[in-house]
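# Fold and contact review
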Amino acid sequence: MPGIRPSRHPKRPRRGFTLIEILIVITVVGILLGVAIPNVGRQVTRDRVHRSAMLVQGLLEEASLQAARRRAPVRVGISGNFIQITDRTSGAVIRQRSFGAASPDLKATVQMAPSAGITIFPNGRSNSGITFQLSGGGESVRVVRTTTGILR
């Protein structure tokens, strides 16, 4: 047959992927990401609130240490958007942590009871217990310090 020429590479192996195969892979990856991303967002929010609770616990422990080191009572309270440790006699700020959405430290909303704060004495006891309620993104954690200095 004069019009048909034989192919130079009669049984050449196929290379690459077809467009349909690539679209199927992209669709499967998209579905997996659509399921995973909301869970990751919830986990990040939960971790931020728990990290904030750990920072508040550390601040309460530091207040006890400062009172013992100074051999003078210190106050723990909220002033504006800060949780502060202050010297009870002079009112000087010893340490403070900011909180709220724009804060680099505590990424949570903080509520404290009693709202006036507490005084921690050099022996580690305080005039009353204190409760910090930290919340953000539907997650909530409570940090409690008893009058005897026990943190929960």
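Presented here is an overview of the structure given in this document. This one's a predicted model, so the numbers in the text were calculated from it and none came from an experiment.

### Side note on the sheet that holds strand 1 (residues 74–79)
Within the open sheet, the four strands sit side by side as 3-2-1-5. Their pairing is antiparallel. Taken across any chain shown, the strands that pair with only one partner, and hence form the sheet edges, are strand 3 (93–98) and strand 5 (118–120). Mean inter-strand twist for the sheet, computed between neighbouring axes without regard to direction, equals 20 degrees. Strand direction decides the pairing type here: strand 2 (residues 82–87) and strand 3, joined by five bridges, are antiparallel. Within strand 3, the position partnered with F82 by the bridge is S98.

### What about the nonpolar core?
Counting residues in hydrophobic clusters, the biggest one holds 24 residues, and the most contacted among them are V56, V76, I83, F132 and L134. Elements with a minimum of two residues in this core: helix 1 (19–70), strand 1, strand 2, strand 4 (109–113), strand 5, strand 6 (130–136) and strand 7 (139–145). Top element by residues in this core is helix 1. It accounts for eight residues. Residues within four places of I83 in sequence aside, it is in contact with V56, L59, G77, I78, R95, Q96, R97, F99, L106, V110 and F132.

### A short note on the side chain of T86
Mapped onto the fold, T86 is located in strand 2. Taking the relative accessible area as the measure of exposure, T86 reaches 15% and is therefore buried.

### Some details on the sheet that holds strand 4
As summarised here, the arrangement of the three strands in space is 4-6-7, forming an open sheet in which the pairing is antiparallel. Looking at which strands have only one partner, the edges of the open sheet turn out to be strand 4 and strand 7. Going across the sheet, the axis of each strand differs from the next one's by a mean of 15 degrees, ignoring polarity. Bridge count for strand 4 against strand 6 is five bridges, and the pairing is antiparallel. Residue pairing for strand 6: M112 is matched across the bridge by F132. Those strands touched by helix 1 are strand 6 and strand 7, and its axis lies near 10 degrees from that of strand 7.

### Details of the pattern of salt bridges
One pass over the full model with this rule turns up three salt bridges. Of the charged contacts in the structure, one is a salt bridge between R46 and E139, with a shortest N-O distance of 3.7 Å. Taken as a pair, R46 in helix 1 and E139 in strand 7 lie far apart in primary sequence, 93 residues in all. Using a relative accessible area of 23% as the deciding quantity, one classes E139 as partly exposed.

### Remarks on helix 1
Taking 1.5 Å of rise per residue, the 52 residues of helix 1 would be expected to cover 76 Å, and the 73 Å separating its terminal C-alpha atoms lies within 8% of that figure. Bending of helix 1 peaks at approximately 25 degrees at the position of A36, with proline P38 no more than four residues after it. Here helix 1 has its buried residues at V49, S52, A53, L55, V56, L59, L60, A63, S64, Q66 and A67. Along its buried surface, helix 1 packs onto strand 1, strand 2, strand 3, strand 5, strand 6 and strand 7. The first or second residue beyond helix 1 is R71, which carries a positive phi of 55 degrees.

Cut-offs applied
Residues numbered from 1 in each chain as written. Predicted model: local features only at pLDDT ≥ 70, side-chain atom pairs only at ≥ 80, totals over all residues. Heavy atoms only, no water. Pairing = 2+ DSSP bridges. Helix = DSSP H or I, 4+ residues; strand = E, 2+ residues; numbered from the N terminus. Axes fitted to C-alpha atoms, helices over the stretch in contact; angles between N-to-C directions. Core = buried A, V, L, I, M, F, W, Y, C linked by side-chain atoms within 4.5 Å. Buried < 20%, exposed > 50% of the residue type's maximum accessible area, 1.4 Å probe, protein only. Contact = heavy atoms within 4.5 Å. Salt bridge = Lys/Arg side-chain N within 4 Å of Asp/Glu carboxyl O. Expected span 1.5 Å × (residues − 1). Bend = angle between axes of the 7 residues up to and from the residue.

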